[in-house]
Amino acid sequence: MSTQKGLNLTLKIWRQKNNKTKGQFETYQIAEVSPDSSFLEMMDMLNEQLINDGKDTVAFDHDCREGICGSCAMYINGRPHGPDTGITTCQLHMRHFKNGETITIEPWRSAAFPVIKDLAVDRSSFDRVMAAGGFISVNTSGNTLDANAILVPKEDADHAMDAAACIGCGACVATCKNGSAMLFVGAKVSQYALLPQGRVEAKRRVLNMVKAMDEEGFGNCSNTGACEVECPKGISLEVIARMNREFFVANADRG
Ligand code: FES
């Protein structure tokens, strides 16, 4: 348990009714926040305060609150998921902030992630990119093949698992000056391309997912590497290089 006393904080939060209206920052004071509480618990405290004051609560996305679902998209003091690295907003603790500090909280800002309300953004563009090819087509009825029947080299399995760690939170897009989704799509392409089960549809997959990515309005990658730095799951830029190779080969084969 922390011995720090409760924190008194000023919160500058982006408020926006919907995608059609202009937003603005509003300032709130919050007192006696436990340093042991999570950032989202602090947001819950604020919303309780707003309800008690008869005011509109701050909309923000969350679900698992344990770094799995990727819902808790927030830009905190100019960084996606806040000042710590390798964690999501729900895993961020208030002990990372000082008593008396002003915390600025904004939604993901990207043309492909329109604001729904306040800090909640519409990331269904990611779903549509996934629907374009982020799957393998297998018949699961009848006899299921033993999981160990297809041998996979350990190194490939490890790289595939590393890529599959992507939770689709969108921090890579939010931090990229081009609004590029290459780290996300590269991770999804890689997790299948590295495994024999995914090779069957690999060419079609990469072509369709890249096409969907472009259609959704994500920008191009200019290799700044910000996405890798801010990814809460440590997805490496290697996945972008692999996707580019996969795309090049698939495109060449198409003739
Ligand atoms: S709420 Fe699920 S990752 Fe944060």
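Residues numbered from 1 in each chain as written. Predicted model: local features only at pLDDT ≥ 70, side-chain atom pairs only at ≥ 80, totals over all residues. Heavy atoms only, no water.

Taking an unreviewed UniProt entry as the reference, the protein is identified by name as Fumarate reductase iron-sulfur subunit belonging to Frigoriflavimonas asaccharolytica. Within the UniProt record for the protein, the comment given under Sequence similarities (unreviewed entry) is "Belongs to the succinate dehydrogenase/fumarate reductase iron-sulfur protein family." The UniProt entry for the protein carries this comment under Catalytic activity (unreviewed entry): "a menaquinone + succinate = a menaquinol + fumarate". (UniProt positions renumbered as here; feature names shortened; annotations may be inferred.)

Asker: Help me understand the sheet that holds strand β3 (residues 75-76), please; the structure alone is not making it clear to me.
Answerer: By way of backbone hydrogen bonds, the strands of a sheet pair with one another, either parallel or antiparallel. Here 5 strands make up an open sheet; going across it, the order is β2-β1-β5-β3-β4 and the pairing mixed. Among the strands making up the open sheet, the edge pair consists of β2 (24-33) and β4 (79-80). Sheet topology note: the β3/strand β5 (residues 102-106) ladder contains 2 bridges and is antiparallel. Looking at the pairing, Y75 lines up with E106 of β5. Sitting on the sheet, helix α1 (residues 39-52) is in contact with β1 (7-15), β2, β3 and β5, with an inclination near 100° to β2. (Pairing = 2+ DSSP bridges. Helix = DSSP H or I, 4+ residues; strand = E, 2+ residues; numbered from the N terminus. Contact = heavy atoms within 4.5 Å. Axes fitted to C-alpha atoms, helices over the stretch in contact; angles between N-to-C directions.)

Asker: Is there a simple way to think about the environment of P114 in this case?
Answerer: Counting through the fold element by element, P114 comes out in the loop between β5 and β6 (115-117). When its relative accessible area of 28% is taken as the criterion, P114 is described as partly exposed. In this structure, the C-alpha to C-alpha distance between P114 and N18, residues 96 residues apart in sequence, is 8.9 Å. (Buried < 20%, exposed > 50% of the residue type's maximum accessible area, 1.4 Å probe, protein only.)

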